[in-house]
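# Close look at the chain arrangement
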Amino acid sequence: MRWNWEWRVANVVVRFFSRVGAPLTDAIVKFGFACRFFVAVLRHTPTSLLRFSLTLREIWFAGVLSVLIIGVSGLFVGMVLALQGYDTLVRFGASSSLGILVALSLVRELGPVVGALLFASRAGSAITAEIGLMKATEQLAAMEMMAVNPIARVVAPKFWGGVISMPLLAAMFSAMGIFGGYLIGVQLLGLDAGSFWNQMQSQVDFRLDVLNGVIKSAFFGIAVSLIAVFEGFDAAPTAEGVSHATTRTVVTSALVILALDFVLTAFMFRGA
Amino acid sequence: MKRGMIDFWVGLFAVAGAAALLFLALKVSSQSTQPASSSYTITAEFENIGSLKVRAPVKSAGVVVGRVTRIELDPERYVARATLALDNHYHFSRDSSAEILTSGLLGEQYIGLEPGADEHNLKQGDRITITSSAIVLEQLISRFLFSKAETAGEQAKEHTQ
């Protein structure tokens with residue numbers, strides 16, 4: 001009787017630790033799988049770059065179709081930045097610095113980060129859904145039956161399409177945002193156009209600010225594209241599995257973008 | 001979507017992205033930090049640098065002629081040593097003086113170079129000997145208050161006599 005009671009307690013303890021450990025081991029296994037998947041994608045990169053029309057089609061899907069949302073969002077973000085920034089700067093009599101504020105925040109942070117978040121929800125989810133559905137309808141298996149490697153034929157072009165599109169989209173976001181800031185600052189609030197552009201140009205450094213923003217967006221492009229193709233490839237081959245995978249792409253991408261942004265910012269702008 | 005149309009739109013997309021980058025490079029930003037090859041460095045020692053920062057501009061007659069590249073404390077004499085990278089185009093005589101100034105009331109601090117009359121110019125590694133420190137607002141106020149109190153005390157003394 002007594003032995004039985006102790007046995008039960010031990011059983012509860014063991015179950016508790018297994019409950020804690022299972023998600024951890026799952027996550028580690030998945031991470032390892034993602035890393036090997038990344039290596040496989042890189043290994044099949046030459047084939048997808050040689051048949052560049054495949055990658056071109058993916059740039060069209062991921063990049064060209066995202067231009068509208070990126071451009072419009074950038075314009076509005078820049079206009080809001082200008083309105084809010086003006087409200088604060090005018091109290092210190094520094095409203096002529098509005099251009100610097102708008103340009104620096106867009107080029108350093110908002111262009112790459114918000115651009116990548118929009119890219120993940122617009123293009124990343126579509127990539128995951130497409131690959132996941134191809135898996136669910138056994139198209140990937142059919143390719144393998146025909147001795148066509150699905151990673152070389154489907155995954156690698158989508159990955160590189162995303163990687164190539166992302167920095168271009170981020171640059172467009174920043175450019176549209178600065179144009180929006182110009183519209184509000186100069187056209188609506190009546191700042192002097194010359195001082196708006198001149199102060200901006202004298203305070204924004206090409207290497208330190210613009211190039212670092214481009215490097216950031218390249219990192220985000222790699223991260224988002226990898227997450228999107230991996231989640232699609234890893235999806236359970238059911239309707240529910242594909243929907244879960246699509247959700248996971250958006251959530252994981254957002255978290256990875258923001259965490260990666262902190263790390264990159266800490267490296268790039270620490271001493272400046 | 002036909003193959004030709006995809007090529008067209010992707011091409012347009014790439015050109016638009018490149019144009020955005022070009023806009024950021026030419027219209028929005030500039031190469032403000034000078035490359036190390038076209039500048040020479042000199043040092044200047046100050047008793048107090050206030051809130052001067054690395055990358056702060058060095059100006060002469062209001063024109064930016066260089067940047068502060070390094071700030072450190074001399075551990076023996078307890079003075080601040082600022083290293084300045086000056087543009088190769090500009091030469092200053094050896095008895096030039098440096099002072100730390102503030103742009104506007106609350107603006108950033110910068111180093112102002114006042115040219116001297118010596119025939120020899122400052123060379124790589126030289127040191128500016130005539131410097132004046134940053135004005136620290138607290139010290140200025142306390143000095144003002146002390147002098148005020150002193151005159152008030154003297155007046156009171158005269159009054160009682």
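A short tour of the structure in this document, coming up. Everything quoted here is computed from the prediction, not taken from an experiment.

### Overview of the overall build of chain A
If you tally the helices and strands in chain A, you get 10 helices and 0 strands. Walking chain A from its N terminus toward its C terminus, one meets helices and strands in the order α-α-α-α-α-α-α-α-α-α. In terms of overall size, chain A is more extended than a compact globule, its C-alpha atoms giving a radius of gyration of 24 Å where 272 residues would be expected to give roughly 19 Å. With respect to the principal axes defined by its C-alpha atoms, chain A has extents near 85 × 60 × 35 Å. Residues counted as buried form 45% of the 272 residues belonging to chain A. Partitioning the intrachain contacts of chain A with sequence separation of at least 6 by distance along the chain shows that 85% fall at a separation of at least 24. Accessible surface, chain A: about 13900 Å² in total, of which carbon and sulfur atoms supply 70%. For chain A, the distance from the average position of its 19 positive side-chain charges to the average position of its 15 negative side-chain charges is 6 Å.

### Observations regarding the packing of helix α7 (residues 150–188) of chain A against helix α1 (residues 3–28) of chain B
Packing of α7(A) against α1(B) brings their axes to within 8 Å, and their N-to-C directions diverge by 50°. Taken together, the axes of α7(A) and α1(B) lie oblique to each other. Crossing of α7(A) over α1(B) shows left-handed handedness. Facing Ser165(A), Leu168(A), Leu169(A), Ala171(A), Met172(A), Ser174(A), Ala175(A) and Ile178(A) of α7(A), the residues of α1(B) in contact are Phe13(B), Ala14(B), Ala16(B), Gly17(B), Ala18(B), Ala20(B), Leu21(B), Phe23(B), Leu24(B) and Val28(B). Taken together, the residues of the contact of α7(A) with α1(B) sort by class into 15 nonpolar, 3 polar and no charged.

### What about the interface of chain A and chain B?
Listed as interface residues are 29 residues of chain A and, on the opposing side, 25 residues of chain B. With both sides pooled, the region where chain A packs onto chain B buries about 2400 Å², and carbon together with sulfur makes up 74% of that total. Looking at the side of chain A facing chain B, the largest losses of area belong to Trp60(A), Gln201(A) and Phe206(A), adding up to 23% of the total buried there. Run the count over chain A and chain B and you get 0 salt bridges. At the boundary of chain A with chain B, the tally comes to 1 residue pair in polar contact (both at pLDDT 80 or more). Looking at the side of chain A that touches chain B, the elements with two or more residues in it are α3 (52–62), α5 (98–136), α7, α8 (193–203) and α9 (206–234) of chain A. Looking at the side of chain A that touches chain B element by element, the count peaks at 8 residues for α7(A).

### Digging into the layout of surface pockets
Picture a little ball the size of a water molecule; that probe, rolled over the atoms, points out where space is still empty. Residue and element names in this part refer to chain A. Within this model, the second largest pocket holds a volume of roughly 350 Å³. Along the walls of the second largest pocket sit 13 residues, with Phe31, Ala34, Leu226, Ile227 and Phe230 positioned nearest its centre. Only α1 (2–43), α9 and α10 (239–268) provide two or more residues apiece to the lining of the second largest pocket. With 6 residues, the single largest contributor to the lining of the second largest pocket is α1. A class-by-class count of the residues in the lining of the second largest pocket yields 10 nonpolar, 1 polar and 2 charged.

### Regarding the sheet that holds strand β3 (residues 63–73) of chain B
Residue and element names in this part refer to chain B. Spatial strand order, β7-β1-β4-β3-β2-β6-β5-β8: 8 strands in an open sheet with mixed pairing. The sheet is open, and its two edges are formed by β7 (127–128) and β8 (130–132), each paired on a single side. Across 3 bridges, the pairing between strand β5 (residues 97–102) and β8 is parallel. Residue pairing in the sheet places Ala98 in a bridge with Thr131 of β8.

### Quick notes on the pattern of salt bridges
A side chain with one charge may pair with a side chain of the opposite charge, provided their charged atoms come close. Using the criterion set out here, one finds 17 salt bridges over all chains in the structure. The residue Asp234(A) makes a salt bridge to Lys30(A) at a minimum N-O spacing of 3.8 Å. Here Lys30(A) lies in helix α1 and Asp234(A) lies in helix α9, a separation of 204 residues in the sequence. Given the relative accessible area of 26%, Asp234(A) is considered partly exposed. Relative accessible area serves as the criterion here: at 25%, Lys30(A) is assigned to the partly exposed category. For the salt bridge of Arg127(B) with Glu45(B), the shortest nitrogen-to-oxygen distance reads 3.1 Å. With Arg127(B) in strand β7 and Glu45(B) in strand β1 (residues 39–46), the pair connects residues that are 82 residues apart, well separated along the chain. Overall, the relative accessible area of 43% leaves Arg127(B) in the partly exposed class. Given a relative accessible area of 12%, Glu45(B) falls into the buried group. A single network of salt bridges, built from pairs that share partners, joins Glu45(B), Arg70(B), Glu72(B), Asp74(B), Arg77(B), Arg81(B) and Arg127(B).

### Digging into empty space enclosed by the protein
Following the criterion strictly, the structure yields 1 cavity of 30 Å³ or more and no others. The space that makes up the largest cavity amounts to roughly 70 Å³. Taken together, Val107(A), Pro112(A), Pro167(A), Ala170(A), Ala171(A), Ser174(A), Val210(A), Gly213(A), Val214(A), Ser217(A), Leu21(B) and Leu24(B) form the lining of the largest cavity. Per-class residue counts for the lining of the largest cavity are 9 nonpolar, 3 polar and no charged.

The rules we used
Residues numbered from 1 in each chain as written. Chains lettered and ligands numbered in written order. Predicted model: local features only at pLDDT ≥ 70, side-chain atom pairs only at ≥ 80, totals over all residues. Heavy atoms only, no water. Helix = DSSP H or I, 4+ residues; strand = E, 2+ residues; numbered from the N terminus. Rg over C-alpha atoms; globule rule 2.2 N^0.38 Å. Buried < 20%, exposed > 50% of the residue type's maximum accessible area, 1.4 Å probe, protein only. Contact = heavy atoms within 4.5 Å. Areas by Shrake-Rupley, 256 points an atom, 1.4 Å probe, with all protein chains shown as cover. Lys, Arg positive; Asp, Glu negative; His and termini not counted. Charge placed at Lys NZ, Arg CZ, Asp CG, Glu CD. Axes fitted to C-alpha atoms, helices over the stretch in contact; angles between N-to-C directions. Parallel < 35°, antiparallel > 145°, perpendicular 65-115°, else oblique. Left-handed = near helix turned anticlockwise from the far one by under 90°. Nonpolar A, V, L, I, M, F, W, Y, C, P; charged D, E, K, R; others polar. Buried area = accessible area lost by both parts, 1.4 Å probe. Salt bridge = Lys/Arg side-chain N within 4 Å of Asp/Glu carboxyl O. Polar contact = N/O pair within 3.5 Å; in protein donor to acceptor, adjacent residues only side chain to side chain. 1 Å grid on protein atoms, 1.4 Å probe; cavity = no way out; pocket = protein on both sides within 12 Å on 5 of 7 lines; lining within 4 Å. Points joined across faces, edges and corners; volume = space filled by probe spheres on them. Pairing = 2+ DSSP bridges.

Everything listed is a geometric property; what it means functionally is a separate question.
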